[in-house]
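# Remarks on the overall topology
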Amino acid sequence: MFKRKSETIKEEMKRIKTTCKILKDIDSIHRWLDFYYERLTNKEIDAETATKYNFADIISKGKEVARFDYDKGDNTIAFEFLNYPLAPKNFLLVYNEFEGDTQTHIDIYALKV
């Protein structure tokens, strides 16, 4: 069961949904996320960031508080919001990309501060 969504998460969900409708292209959406958020996956990070965003901790301690899907033809993006107290505004965004039923991409983002 989902916990109650914070106002920040509600605002971010609205911003992402609006952006998805405007951009429509999955690659453009992913580039926008890279601009607006700090991607924590698939990049070299310093020791402080690695400690703060320990992926084992994110998996074990991060609690999903909201989720929505954006469909684009046969492709789907699932956006998940995790309650994570060490992140700015206490949440992380998980981006999951699917082609049909096959997951093709996953990234974890934090708000830029």
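Being a predicted model, the structure only gives us computed values, none of them experimental. (Residues numbered from 1 in each chain as written. Predicted model: local features only at pLDDT ≥ 70, side-chain atom pairs only at ≥ 80, totals over all residues. Heavy atoms only, no water.)

### Focus on the sheet that holds strand β5 (residues 102–111)
Applicable threshold: In this scheme, strands are said to pair when DSSP sees at least two bridges between them. Note on conventions: DSSP H or I runs of at least 4 residues are helices, E runs of at least 2 residues are strands, and numbering of each starts at the N terminus. Note on method: axes are straight lines fitted to C-alpha atoms, helices fitted across the in-contact stretch only, with angles between N-to-C directions ranging 0 to 180 degrees. The contact rule is simple, with two residues in contact once any of their heavy atoms fall within 4.5 Å.
Sheet architecture is open: five strands sit in the order β1-β5-β4-β3-β2, paired in antiparallel fashion. Bordering the open sheet on either side are β1 (37–39) and β2 (63–72), each of which pairs with just one other strand. Strand-to-strand twist across the sheet, computed as the mean angle between neighbouring axes with direction ignored, equals 30 degrees. In the packing of helix α1 (residues 7–23) onto the sheet, the strands contacted are β1, β2, β3 (75–83), β4 (91–99) and β5, and the crossing angle to β2 comes to about 10 degrees. On top of the sheet, helix α2 (residues 26–36) reaches β1, β2, β3, β4 and β5; it is set at about 100 degrees to β1, its chief contact.

### A short note on unusual backbone geometry
Test applied: Accessible area is worked out with a 1.4 Å probe on protein chains only. A residue is then buried under 20% of its type maximum, exposed over 50%, and partly exposed in between.
One non-glycine residue, lysine 89, lies in the positive phi region at around 60 degrees. Looking at the secondary structure, you find lysine 89 in the loop between β3 and β4. Using a relative accessible area of 56% as the deciding quantity, one classes lysine 89 as exposed. You will see that asparagine 90, though not glycine, has its phi angle at about 65 degrees, which is positive. Note on placement: asparagine 90 falls in the loop between β3 and β4. Taking relative accessible area as the criterion, asparagine 90 reaches 42% and is therefore assigned partly exposed.

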